[in-house]
Amino acid sequence: ARDITPVQSILHGLNVHGEPGHAAGKMYWIQELMATAQKDGIGTLMTGQGGNATVSWTGKSTRDIFRGYAKHRMWKNAIKYGLFSITPTGLHPTLYGLIHQNKHNLHTWQGSAIHPGFVKQINLSDQFILNAGKASNVEDWQPAQMHRYAIIKPGESFLGSIWAENGAAFGMEVRDATFDKRVMEFTLSIPDKEFFGPKGEDRWLIRQAMQGLLPDEVRLNHRRGRQAADLGQRLLDSSTEMEAALSQVESCDMARNYLAVERMRNVWNALQKDVNVQNTHLAVTILTRGLMAGLYLSNLEKES
């Protein structure tokens, strides 16, 4: 994606979708990929996003989750996970409220670009507690099946419309075979233990199914990539453009009512001092998502 900057991709995304999006920090490579496919004359592009909960579901190992918490000495998380594991799903919101009473405060939202005043205005913390464990939220302590539903979001998923809009913008259709009704019915009926290999390997169903069809270097690969890993450097490479966009958001009254623009500015300042893993992560979760929402609000304010 050498020919498109993160800010340019955000503006393009607003033009295509007409609203802010969750994937603000990685739109540049999605758009470049689709532009390349368009140049190659491709009419239908396949994606496998639904595989996260269907054909390539990792499997959910309670033992491994506990082991991970113990390895990092996250004892409170281990205790909380244990409590939720033995509590009926219908009582999860009540348990969540008891555990987090007096704790689920404004600090909870420091990892996003939402304004603290807006959090209070819409009672966001209370909404979060009431929806704990439901199919709208992915939680470590959810049973495997509910965790998969939370990824699929039955009746609430907007992935299809987003990909339809993306496809239309580049003159093609985008299809996801892993969300085919028959594939979903079959894979959701398979016991969770079948998604683990004999040595505890994850995604075992798809790894076995692809035997002889994919090279083992791909089929048995356990490395994980990070989307938008180069976002920090890309933002610095287009710093003049980034600064102009952030300043536009900071000067928008509507944006300042809904967004923690000072928090966004702090992330940008930190990124300019050091492009490390933490600052790049904050650039994804706070800076670019906040920027996309802010530019959207700025456009609304200009039109009103």
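As the structure is a computational prediction, the values presented were derived from the model and not from experiment.

Side note on the side chain of Ser56
Step number 1: As for its placement among the helices and strands, Ser56 is situated in the loop between strand 1 (44-46) and helix 3 (62-71).
Step number 2: Engagement of the side chain of Ser56 in a polar contact is seen with the backbone oxygen of Gly51, the distance being 2.8 Å.
Step number 3: Those residues in contact with Ser56 that lie beyond four places of it in its chain are Gly51, Arg203 and Ile206.

Description of the packing of helix 14 (residues 239-250) against helix 17 (residues 277-303)
Step number 1: Remark: helix 14 packs on helix 17, axes separated minimally by 8 Å, with the N-to-C direction vectors making an angle of 55°. Accordingly, the angle class assigned to the pair helix 14 and helix 17 is oblique. Our pair here, helix 14 against helix 17, has a crossing hand that is left-handed. Contacts from Met242, Ala245, Leu246, Gln248 and Val249 in helix 14 reach Leu287, Leu291, Gly294, Leu295, Ser298, Asn299 and Lys302 in helix 17.

Remarks on the nonpolar core
Step number 1: Counting residues in hydrophobic clusters, the biggest one holds 32 residues, and the most contacted among them are Leu235, Met242, Val249, Leu259, Met264, Leu287 and Leu291.
Step number 2: Elements with a contribution of two residues or more to this core: helix 1 (6-17), helix 2 (27-39), helix 13 (231-237), helix 14, helix 16 (261-273) and helix 17.
Step number 3: Here this core gets 9 residues from one element, more than from any other, and that element is helix 17.
Step number 4: In contact with Leu287, not counting residues within four places along its chain, are Leu235, Met242, Met264, Val267, Trp268 and Leu282.

Cut-off values and rules
Residues numbered from 1 in each chain as written. Predicted model: local features only at pLDDT ≥ 70, side-chain atom pairs only at ≥ 80, totals over all residues. Heavy atoms only, no water. Helix = DSSP H or I, 4+ residues; strand = E, 2+ residues; numbered from the N terminus. Polar contact = N/O pair within 3.5 Å; in protein donor to acceptor, adjacent residues only side chain to side chain. Contact = heavy atoms within 4.5 Å. Axes fitted to C-alpha atoms, helices over the stretch in contact; angles between N-to-C directions. Parallel < 35°, antiparallel > 145°, perpendicular 65-115°, else oblique. Left-handed = near helix turned anticlockwise from the far one by under 90°. Core = buried A, V, L, I, M, F, W, Y, C linked by side-chain atoms within 4.5 Å. Buried < 20%, exposed > 50% of the residue type's maximum accessible area, 1.4 Å probe, protein only.

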